[in-house]
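This is what each chain is made of:
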Amino acid sequence: MLVLRSLYISQCFHLVMAHWWLSSQVFFTETTNSCNNMVGFTKEQIELCKKYPLLINVIGKGARKALVECQEQFSFHKWNCSHTDQKKRLLLGILTSQGTREAAFFRAVTSAGVTDEIIRACNMDKYSDTCQCEHLPNFINEKLKWHECNDNIKFGAMFAHKFLDAKEKGADASGLMNKQNNLAGQMAVKQHSLLICICHGVSGACNMKTCRHSISPFKQVGNFLQKKYHSAIHTYFDQNKNELVPVKHGVLEHTKYDLVYLEPSPDYCIKNSYKGILGVAGRQCNKASYGPDGCDSMCCGMGFHTKKVTVESNCNCKFHWCCSVKCEKCISNVNYYYCRDQTKNQKKKRKNKERKKE
């Protein structure tokens, strides 16, 4: 069972880019009494909610951040992390409830998003009674002073781990996959922590430095997880060892930084709402590209059509003393390319055959 699917149904987080398992009801709690009313919460989640009621809201913010990052990372791929189709039917949860490479990435990036937002919340005064930045002893030598307040990476990873893994009770293949990918997301945030130092001294000399640990911009974490997506390890459940092991012989077992998956990815070319696949029909492609965004690759050999658009832009800009830039308005025609809808082509062929028979 996908943790986030059942988790957010019960929590009813209202995100701007809502996942399929979210309702329009806003989930918000600042009291421990609200936690008892969270249908679907495990005992561990209820206890965490009571202990840290304000942080439950931060989880929703982290999930939204993760969804946006997922869509940006895969914006030029056949699977682009779309969560709804044109009729607003929710697709993402159907797809990510499977044991695919894409489900592994989405779980990892969501875990990372929650971890990231919890860490950032602990730096804010609003959450000072709930959690704080990490205080360390001021280590001083001749040239270094440790800043007393680091980003609380340890607490953020701990909270995300306890909350997201709370529903993974079983030691089956799905549960082990989910836990591993949750962990990989948390470790991605940890691995990309930065040591930030500021120099102090006369005339810019670095006679003394104050340093602190801080997390990286989330984009760097997303880039790292995208690489892990491409190197994800295909595994199966070994009942004798009670663990996931690589399908291919000679492949090293996964580390805490790796993504794992259980089944091959489906064909993302043709829309299949039952499987949560949006398809590539109507997707914009780049005719000149040989990469995944190229029309030959993106459109799965189904062809593409051209749409001419008139664009107005600034041109012949000149700098005038002092201090302005004046431009002319230029009109140009730009070609955009979109993948064809194979189902429409098939319908046209059927109609033509019917007409010929008549």
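Residues numbered from 1 in each chain as written. Predicted model: local features only at pLDDT ≥ 70, side-chain atom pairs only at ≥ 80, totals over all residues. Heavy atoms only, no water.

As annotated in an unreviewed UniProt entry, the chain carries the name Protein Wnt and is attributed to Hydra vulgaris. UniProt annotates the chain under Subcellular location (unreviewed entry) with the comment "Secreted, Extracellular space, Extracellular matrix". Database annotation for the chain, UniProt heading Sequence similarities (unreviewed entry): "Belongs to the Wnt family." (UniProt positions renumbered as here; feature names shortened; annotations may be inferred.)

So, about the overall build of the chain. Assigned secondary structure in the chain consists of 11 helices and 11 strands. A buried classification covers 42% of the 358 residues belonging to the chain. For the chain, the exposed surface amounts to about 20,200 Å²; the carbon and sulfur share of it is 52%. (Helix = DSSP H or I, 4+ residues; strand = E, 2+ residues; numbered from the N terminus. Buried < 20%, exposed > 50% of the residue type's maximum accessible area, 1.4 Å probe, protein only. Areas by Shrake-Rupley, 256 points an atom, 1.4 Å probe, with all protein chains shown as cover.)

This part takes up the pairing of strand β11 (residues 324–339). Of the strand pairs in this sheet, strand β9 (residues 284–285) and β11 are connected by 2 bridges, and their pairing is antiparallel. For Cys285, the partnering residue across the bridge sits in β11 and is Tyr337. Across 15 bridges, strand β10 (residues 304–320) lies against β11 in antiparallel orientation. In the sheet register, His305 faces β11, and the bridge partner there is Tyr338. The loop that links β10 with its antiparallel partner β11 comprises 3 residues. (Pairing = 2+ DSSP bridges.)

Summarising the model, the chain shows a mean pLDDT of 82, and 80% of its residues fall at 70 or more. Per-element averaging of pLDDT across the chain places helix α1 (residues 3–11) at the bottom with 37 and strand β8 (residues 260–261) at the top with 98. Taken together, the stretch residues 1–30 has pLDDT below 50 and engages in 96 contacts with residues farther than four places along the chain or on a different chain. (pLDDT = per-residue confidence, 0-100. Contact = heavy atoms within 4.5 Å.)

Okay, helix α4 (residues 53–73) next. Counted at 1.5 Å a residue, the expected span for α4 with its 21 residues is 30 Å, and the 32 Å between its end C-alpha atoms agrees. Of all the 21 residues making up α4, 16 are buried; the element is thus mostly covered by neighbouring parts of the structure. (Expected span 1.5 Å × (residues − 1).)

The 3 strands are arranged β7-β6-β8 in an open sheet whose pairing can be described as mixed. This sheet does not close on itself; its edge strands, each paired only once, are β7 (243–246) and β8. Sheet analysis places strand β6 (residues 233–238) next to β8, joined by 2 bridges and oriented parallel. Paired with His234 across the bridge in β8 is Tyr261.

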